[in-house]
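# Examining the three-dimensional arrangement
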Amino acid sequence: MKAHLTRRYWFVASHRLHTPRLSEAENREVYGKCNNPFGHGHNYALEVTVGGQVAPDTGMVYNLADVDRVVRKHILERYDHQNLNCLKEFQELVPTTENLCLAIFEILKRNLAEIHLDKVRLEETSQNSFEVVNE
Ligand SMILES: Nc1nc2c(c(=O)[nH]1)N=C([C@H](O)[C@H](O)COP(=O)(O)OP(=O)(O)OP(=O)(O)O)CN2
Ligand SMILES: [Zn+2]
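The text that follows walks through the structure, step by step, so that each part is easy to find. (Residues numbered from 1 in each chain as written. Chains lettered and ligands numbered in written order. Predicted model: local features only at pLDDT ≥ 70, side-chain atom pairs only at ≥ 80, totals over all residues. Heavy atoms only, no water.)

### Considering the coordination of the zinc ion (ligand 2)
Around the zinc ion (ligand 2), the donor atoms from the protein are H15 (NE2), H40 (NE2) and H42 (NE2), and they sit 1.9 to 2.0 Å away. Along the chain, the residues donating to the zinc ion (ligand 2) are arranged with the sequence spacing H-x24-H-x1-H. Taken together, the positions of H15 in strand β1 (residues 3-15) and H40 in strand β2 (residues 40-52) put the pair 25 residues apart, joining distant regions of the chain. In this structure H15 comes out as buried when scored by relative accessible area, which is 2%. Given the relative accessible area of 23%, H40 is considered partly exposed. (Donors = N, O, S within 2.8 Å, 3.2 Å for Na, K, Ca; no water. Helix = DSSP H or I, 4+ residues; strand = E, 2+ residues; numbered from the N terminus. Buried < 20%, exposed > 50% of the residue type's maximum accessible area, 1.4 Å probe, protein only.)

Quick look at the structure:
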């Protein structure tokens, strides 16, 4: 039986929803208040789910300390207290919940090594979240 273990993390970051592919007027039309040129911030909640068998000796799927080490080094240090629009991955992409979640998924998939990544879920506000499942 495969078990799924979820760990929750938090980070704060600012962004502006804006794309060079649209005019200034179209950006205001599409993104509304989120196109504010001065940006705005969010307290993001990140859920990382890893999966595997529960080891009979340790009783663990994986050691959460190992998951924490990767998430802290590759995600929290990269995104916490940052202006997302200044990061290289968002020079062409709009830093929406969707695109940030996809970016985090790819970074974790590359760096969790033998720890199997099942899902990444990102809450931008109490009203919206997005998740990427490793099919
Ligand atoms: N598909 C998406 N739509 C929107 C996203 C997104 O990431 N994907 N993001 C935003 C903004 O970031 C906005 O700040 C979050 O939306 P909103 O719910 O309006 O924010 P609040 O909950 O803080 O809004 P209040 O009106 O202050 O309650 C918009 N759309
Ligand atoms: Zn926002």
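What follows picks up the thread again.
### Some points on the site of ligand 1
The environment of ligand 1 is formed by H15, L17, K33, C34, H40, H42, T96, T97, E98, E124, T125 and Q127. Within the side chain of H15, one N or O atom sits 3.1 Å away from an oxygen atom of ligand 1. Taken by itself ligand 1 offers 620 Å² of open surface, and the protein chains cover 55% of this. Breaking the shell around ligand 1 down by element, the ones donating at least two residues are β2 and α3 (97-111). Classifying every residue of the shell around ligand 1 gives two nonpolar, seven polar and three charged. (Near = heavy atom within 4 Å. Polar contact = N/O pair within 3.5 Å; in protein donor to acceptor, adjacent residues only side chain to side chain. Areas by Shrake-Rupley, 256 points an atom, 1.4 Å probe, with all protein chains shown as cover. Nonpolar A, V, L, I, M, F, W, Y, C, P; charged D, E, K, R; others polar.)

None of the figures reported here should be taken as evidence of function without further support.
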